[in-house]
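# Analysis of the macromolecular model
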Amino acid sequence: MRRILIFDTTLRDGEQSPGASLNVAEKLAIAKQLDVLGVDVIEAGFPISSPGDFEGVRLVAEKIRRPIICGLARATDADIDAAGEALKGAARRRIHTFIATSKIHLEKKLKKSPEEVIELARRAVQRARRYTDDVEFSPEDAARTDLDYMCQVIEAAIDAGATTINIPDTVGYAIPEEFGARIRHVLEKVPNVRKAVISVHCHNDLGLAVANSLAAVKAGAAQVECTINGIGERAGNCSLEEVVMALRQKKAFYDADNGIDTREIWTTSRLVSNLTKLDVQRNKAIVGENAFSHEAGIHQHGVLQDRETYEIIRAEDVGWQGSRIFIGKHSGKHGVMDILKKNGYQLEDDKLQVVLQRVKDVADRQKNVEESDIVAIARDVLEDLASDEHLLDLREVSVMTGNGFTPSATIKLSIEGQDVLGTGTGVGPVDAASHALQSIIRSHVGPSLTLSEYGLKGITGGTDALAHATIRFKDQDGKEFRGEAVHGDVIIASVQAMVKGANRAMNFQKRLNKGGPTGCIDPKTPPGGEAPATAGEAPCCGQSKNQTSKQKP
Ligand code: KIV
Ligand code: ZN
């Protein structure tokens, strides 16, 4: 039976998801869990893209010893040297270098001839071999590259010393039969192909990333690149949990297995979701909240008679522990700690006490507190304890609403110790509160901080559910400052989220005025101590991901 290598790129391609960003401590926490999960390769980042990415790769390489640690590099000397340097401390290191090969990329992006690109690929692999004898090469946009030309590039890369050839469907253009045939063609036509492992890397623009990867495995590919929860650029990458469970389920068909401990899937999924703040859709295969729930009476009846009537995977096999664990006001510290641990949080005692107190406060009002409430409270507490100074404090909020008159709000804030009052009206109470707050911000913080995004969701069902508010403020330079808060009252949650966002903006401005570091590049100390940090600073003290100088492939 063949062994399919699982190459995880959650920390590199996954982190390129719009809205996701991880600091160094968070990357390390995820890498540790990926090690426990049993992945063969961890692509830890793109070292030249930013000092934070370099440091993330360096730290993962130093601390995680079993899997191969990989760093991404374009086919340039500077990129490859940065990757080589970041990976120096690794027990097992790989440099992954790439250059685009499709006609459109050659003509429009690289402005190079096919021959020049072959030469650059050859040189890049040779240079990478100075740092390690484990070198992966990818012809970017392979799925749209002329087949014969792609084979020539691959032959040259192997000739130069590449030990893995990765065929990416960069834009998610392929369909399974076509992609499988492409892999088969490479295996049949490239003369030196047996000297390298053939890998695939599929994007999900047509929702086919997993199907294409499986077709490639059937055709002979021996490595699959994927991410936890399928996160990644645009519509994401091939989802690790889906491809792994499909391979397990159909072991005989693929005549292949892999080294993943599937019982670690659920925890890994939740850890990645909590740290990247990218929710897992409820009906997502394998790791969605509904993946093992049965609603229809006929199904429930069947499952009660014999689980296999309607379930092809045992929930325990993917580590699903059920989310409807209720914590009441009489539940102890251990129940809460267990839930936090399962979701990737190991809090120091003082922080845990704050979380416990908040959980108890909610339990006093609500009958039961659910797992997702507890995780949201922990996120909120950690964010509150994050390194930013509390320049703004919310003192009072009052709103008047009803039908037949205009909703209005009054807010009292303390700004650097001084109480300030603001009022506003709006189409509803949240809108009025937002205008009241913005009137204070306009006159006391900065003229041009505008609310660019607002989201509100009930964490668990019911009218007494906790509300989770998220906002983004934009300043005059387009920099974004995120805030999120959890509260039993939707208006308080919304205003608290706005205050947090405004506080971040003020801290940023203060650091800028002092000429000190804005925190845009420096990794933040994890507020959760040993734990994965969760304090939700938007990438780089509020600067939106798209605006950082980080370069992406
Ligand atoms: O999608 C892609 O082409 C990539 C490469 C860097 C392999 O992520
Ligand atoms: Zn990719």
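All figures in this text were calculated on a predicted structure; none of them were measured in a lab.

Conventions adopted
Residues numbered from 1 in each chain as written. Chains lettered and ligands numbered in written order. Predicted model: local features only at pLDDT ≥ 70, side-chain atom pairs only at ≥ 80, totals over all residues. Heavy atoms only, no water. Near = heavy atom within 4 Å. Polar contact = N/O pair within 3.5 Å; in protein donor to acceptor, adjacent residues only side chain to side chain. Areas by Shrake-Rupley, 256 points an atom, 1.4 Å probe, with all protein chains shown as cover. Helix = DSSP H or I, 4+ residues; strand = E, 2+ residues; numbered from the N terminus. Axes fitted to C-alpha atoms, helices over the stretch in contact; angles between N-to-C directions. Parallel < 35°, antiparallel > 145°, perpendicular 65-115°, else oblique. Left-handed = near helix turned anticlockwise from the far one by under 90°. Contact = heavy atoms within 4.5 Å. Nonpolar A, V, L, I, M, F, W, Y, C, P; charged D, E, K, R; others polar. Donors = N, O, S within 2.8 Å, 3.2 Å for Na, K, Ca; no water. Buried < 20%, exposed > 50% of the residue type's maximum accessible area, 1.4 Å probe, protein only. Pairing = 2+ DSSP bridges. Phe/Tyr/Trp six-rings, centres within 6.5 Å; stacked < 30°, edge-to-face > 60°. Lys NZ or Arg CZ within 6 Å of the ring centre and 35° of its normal. Expected span 1.5 Å × (residues − 1). Core = buried A, V, L, I, M, F, W, Y, C linked by side-chain atoms within 4.5 Å. Disulfide = S-S within 2.5 Å. Salt bridge = Lys/Arg side-chain N within 4 Å of Asp/Glu carboxyl O.

In this section: the site of ligand 1. Surveying the vicinity of ligand 1 reveals the residues Arg12, Asp13, Leu72, His96, Phe98, Ser138, Glu140, Asn166, Pro168, Thr170, His201 and His203. Interatomic distance of 2.9 Å between a side-chain N/O atom of Arg12 and an oxygen atom of ligand 1. Between an oxygen atom of ligand 1 and a side-chain N or O atom of Asp13, the distance comes to 3.1 Å. Protein chains bury 96% of the 260 Å² of accessible surface belonging to ligand 1 in isolation. Contributing elements (two or more residues each) for the shell around ligand 1: β5 (93-100), β6 (135-140) and β7 (164-169).

Moving on: the packing of helix α3 (residues 77-86) against helix α5 (residues 114-129). Packing of α3 against α5 leaves a shortest axis separation of 10 Å and a crossing angle of 25°. One way to sum up the angle between α3 and α5 is to call them roughly parallel. By crossing handedness, the relation of α3 to α5 is classed as right-handed. Together, Asp77, Ile80 and Asp81 of α3 and Ala124, Arg127 and Ala128 of α5 make up the contact between the two elements. Residues belonging to the contact of α3 with α5 are distributed by class as follows: three nonpolar, no polar and three charged.

What follows covers the coordination of the zinc ion (ligand 2). For the zinc ion (ligand 2), the full set of protein donor atoms is Asp13 (OD), His201 (NE2) and His203 (NE2), and the range of their distances to it is 2.0 to 2.1 Å. Read from N- to C-terminus, the donor residues coordinating the zinc ion (ligand 2) fall into the pattern D-x187-H-x1-H. Take His201 and His203: they sit in the same class, and that class is buried.

This brings us to the pairing of strand β16 (residues 480-487). Counting buried positions along β16 yields seven of eight residues, so the element is predominantly enclosed. Hairpin connection between strand β15 (residues 467-474) and β16: a loop of five residues separates the two successive antiparallel strands, and Gly478 in this loop has a positive phi of roughly 85°.

The geometry of two aromatic rings is summed up by the distance between their centres and the angle between their planes. The tally for this structure, following the rule as stated, stands at three aromatic pairs. The side chain of Lys218 reaches across the aromatic face of Phe253, ending 4.0 Å from its centre. Above the ring of Trp266, the side-chain terminus of Arg270 is found at 4.0 Å from the ring centroid.

Turning next to helix α15 (residues 371-384). With 14 residues, α15 ought to run about 20 Å at 1.5 Å a step, and its terminal C-alpha atoms sit 20 Å apart, in line with that. For α15, the tally of buried residues reaches twelve of 14 residues, placing the bulk of the element in the interior. Three or more residues of α15 are buried, namely Glu371, Asp373, Ile374, Val375, Ala376, Ile377, Ala378, Arg379, Asp380, Val381, Leu382 and Glu383.

Ranked by size, the top nonpolar core spans 96 residues in total, and within it Ile165, Ile167 and Ile183 carry the most contacts. Per-element tally for this core: the top contributor is helix α6 (residues 147-160), with nine residues. The contact partners of Ile167, leaving out residues within four places of it in the chain, are Ala142, Met150, Ile154, Phe179, Ile183, Val186, Ile198, Ser199, Val200 and His201. Formed by 31 residues, the second largest nonpolar core is a distinct cluster that contains Leu413, Val430, Leu449 and Ala493.

The next thing to look at is the state of the cysteines. Covalent bonding between the sulfur atoms of two cysteines is what defines a disulfide. Counted under the stated rule, the structure contains zero disulfides. Here Cys238 stays free of any disulfide, with the sulfur of Cys226 as its closest cysteine sulfur at 5.3 Å.

In this section: the packing of helix α7 (residues 176-189) against helix α8 (residues 209-219). Interhelical geometry of α7 versus α8 gives an angle of 35° and a closest axis separation of 8 Å. Once α7 is placed against α8, the crossing between them reads as right-handed. Seen from α7, the contacting residues are Pro176, Phe179, Gly180, Ile183, Arg184 and Leu187; seen from α8, they are Ala211, Asn212, Ala215, Ala216 and Ala219. Within the contact of α7 with α8, the residues separate by chemical class into eight nonpolar, two polar and one charged.

Turning to the pattern of salt bridges, a few remarks are in order. All told, the structure shown has 38 salt bridges when counted by the stated rule. The salt bridge involving Lys27 is made with Asp53; its shortest N-O contact spans 3.0 Å. Of this pair, Lys27 sits in helix α1 (residues 24-37) while Asp53 sits in helix α2 (residues 51-63), placing them 26 residues apart in sequence. When its relative accessible area of 1% is taken as the criterion, Lys27 is described as buried. Asp257 serves as the salt-bridge partner of Lys251, at 3.5 Å between the closest nitrogen and oxygen. A network of salt bridges, in which partner residues are shared, links Glu55, Arg58, Glu62 and Lys63.

Within the secondary structure layout, Ala502 lies in helix α17 (residues 490-514). Spatially, the C-alpha atoms of Ala502 and Lys474 are 9.7 Å apart, while their sequence positions differ by 28 residues. Not counting residues up to four positions away in its chain, the partners in contact with Ala502 are Leu392, Ile441, Leu449 and Phe473.

Our focus in this paragraph is the side chain of Glu241. Looking at the element boundaries, Glu241 is found in helix α9 (residues 240-249). By relative accessible area, Glu241 is classed as buried at 1%. Within polar-contact distance, the side chain of Glu241 engages the backbone nitrogen of Asn229 at 3.1 Å. Within the local environment of Glu241, its side chain forms a polar contact with the side chain of Ser239, the two groups lying 3.0 Å apart. With residues near it in sequence (within four places) discarded, Glu241 still touches Thr227, Ile228, Asn229, Gly230, Ile265, Lys284, Ala285, Ile286 and Val287.

This is a description of form; function is not addressed.
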